[in-house]
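# Observations on chain architecture
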Amino acid sequence: MDKEKHRKPRIVVLASGRGSNFQSIIDAGKLGKLNGEIAGLISDNPHAFVLKRADKYGIPKIVVERGAFISDEDFQSGLIGAAKQFCPDLLVLAGFMRLLGKNFLNEFKDRIINIHPSLLPAFRGLNAQKQALEYGVKYTGCTVHFIDEGMDTGSIIDQRVVPVLPGDTEEILASRILREEHVLLVECINAILGGRVKRDGRKVTIIGG
Ligand code: GRF
């Protein structure tokens with residue numbers, strides 16, 4: 001039997017912090033609801049809680065600290081080297097707080113996705129939930145998109161809408177959005193690895209989704 005053909009798609013997660021989205025991918029795998037397996041975790045933060053989650057489930061991890069490299073280019077090479085070790089089919093940025101450079105994007109072309117806590121293109125960058133509250137929108141949400149060279153500008157794969165309610169604080173809104181992130185991210189991973197995502201420039205279609 002051709003082992004390569006029958007192996008499960010390999011997912012590599014990049015995360016810098018708490019890792020609740022990483023956990024949602026783990027949980028989907030445990031329930032048999034993931035179209036692949038988590039091959040490894042990469043973090044730029046040696047103190048991130050997400051590393052403890054990887055340990056708990058025996059998921060291989062690599063820490064690539066920016067401070068260990070002189071230039072950003074070297075750091076990017078470090079990240080590429082780490083990712084290659086896991087032979088990824090899909091790279092998932094789940095709260096990864098570094099911009100990926102050209103070389104990284106070229107190496108894993110069209111195989112990198114990110115989850116962002118707003119309805120893009122609104123509220124790109126940091127503190128998207130705070131931005132939404134300050135702007136006074138009635139609805140916000142979350143977006144999964146392919147990565148390009150910009151900050152949260154890549155083609156949108158799918159989104160989920162979340163209402164902003166009277167009395168919401170940043171924390172309350174963030175946790176309401178996070179519940180939807182956990183569902184959306186796994187759905188998008190499964191659609192991509194199931195071959196159901198078609199791209200035509202910026203327009204992405206999920207077949208049967
Ligand atoms: C999430 O809100 C995600 O959308 C953003 O960073 C946060 C990461 O949360 N990119 P967690 O570490 O997955 O809990």
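Here goes a summary of the coordinates provided. (Residues numbered from 1 in each chain as written. Predicted model: local features only at pLDDT ≥ 70, side-chain atom pairs only at ≥ 80, totals over all residues. Heavy atoms only, no water.)

The next thing to look at is the site of the ligand. Taken together, Arg18, Gly19, Ser20, Asn21, Gly95, Ile115, His116, Pro117, Leu178 and Glu181 are the residues near the ligand. Contacts to the ligand include Arg18, whose side-chain N or O atom sits 2.6 Å from an oxygen atom. Backbone polar atom of Ile115 to a nitrogen atom of the ligand: 2.9 Å apart, as the coordinates give it. Here the ligand has 370 Å² of accessible area as a free molecule, and 86% of this is covered by the chains. The set of elements that each furnish at least two residues to the shell around the ligand consists of helix H2 (20-30), strand E5 (112-116) and helix H7 (170-193). The residue inventory of the shell around the ligand, partitioned by class, reads three nonpolar, five polar and two charged. (Near = heavy atom within 4 Å. Polar contact = N/O pair within 3.5 Å; in protein donor to acceptor, adjacent residues only side chain to side chain. Areas by Shrake-Rupley, 256 points an atom, 1.4 Å probe, with all protein chains shown as cover. Helix = DSSP H or I, 4+ residues; strand = E, 2+ residues; numbered from the N terminus. Nonpolar A, V, L, I, M, F, W, Y, C, P; charged D, E, K, R; others polar.)

One finds Ile113 and Ile189 to be the most contacted residues of the largest nonpolar core, which totals 39 residues. A per-element tally of this core places H7 first, with 10 residues. Mapped onto the domain boundaries, this core takes at least three residues apiece from domain 1 (1-109) and domain 2 (115-209). Counting residues in hydrophobic clusters, the runner-up holds 19 residues, among them Ile42, Leu91, Phe96 and Ile112. (Core = buried A, V, L, I, M, F, W, Y, C linked by side-chain atoms within 4.5 Å. Buried < 20%, exposed > 50% of the residue type's maximum accessible area, 1.4 Å probe, protein only. Domains from an automatic or database assignment.)

Leu120 connects to Pro121 through a cis peptide bond whose omega is 10 degrees. A positive phi angle, close to 50 degrees, is found at Asn127, a residue other than glycine. You can see Asn127 is positioned in the loop between E5 and helix H6 (128-135).

Turning to the environment of Phe104, a few remarks are in order. Tracing the chain through its elements places Phe104 in helix H5 (residues 102-107). With 10 residues separating them along the chain, Phe104 and Asn114 place their C-alpha atoms 14 Å apart. Not counting residues up to four positions away in its chain, the partners in contact with Phe104 are Leu14, Gln76, Leu79, Ile80, Ala83, Leu91 and Ile112. (Contact = heavy atoms within 4.5 Å.)

What follows is about helix H4 (residues 72-85). Taking 1.5 Å per residue, 14 residues should reach 20 Å; H4 reaches 20 Å between its end C-alpha atoms and fits that length. Where the residues of H4 are buried, they touch strand E2 (37-43), strand E3 (61-63), strand E4 (90-93) and H5. Two residues or fewer after H4 comes Cys87, characterised by a positive phi angle close to 45 degrees. (Expected span 1.5 Å × (residues − 1).)

A few words now on the side chain of Asp152. Along the chain, Asp152 falls in the loop between strand E6 (139-146) and strand E7 (156-163). Despite its burial, Asp152 pairs with no opposite charge; the closest candidate is Arg124, at 6.3 Å N-O. A polar contact is formed between the side chain of Asp152 and the side chain of His116, at a distance of 3.4 Å. A distance of 2.8 Å separates a polar atom in the side chain of Asp152 from the backbone nitrogen of Gly125. Discounting chain neighbours no more than four positions away, the residues touching Asp152 are Asn114, His116, Leu120, Arg124, Gly125 and His145. (Lys, Arg positive; Asp, Glu negative; His and termini not counted. Salt bridge = Lys/Arg side-chain N within 4 Å of Asp/Glu carboxyl O.)

Once that is clear, we can look at the pattern of salt bridges. This structure, assessed with the given rule, holds 11 salt bridges. Across the pair Lys61 and Asp55 runs a salt bridge, and its minimum N-O distance is 2.7 Å. Classification of Asp55 as partly exposed rests on a relative accessible area of 45%. The salt bridge partner of Arg160 is Glu180, with a shortest N-O separation of 2.7 Å.

Bear in mind that shape data such as this cannot, by itself, settle questions of function.
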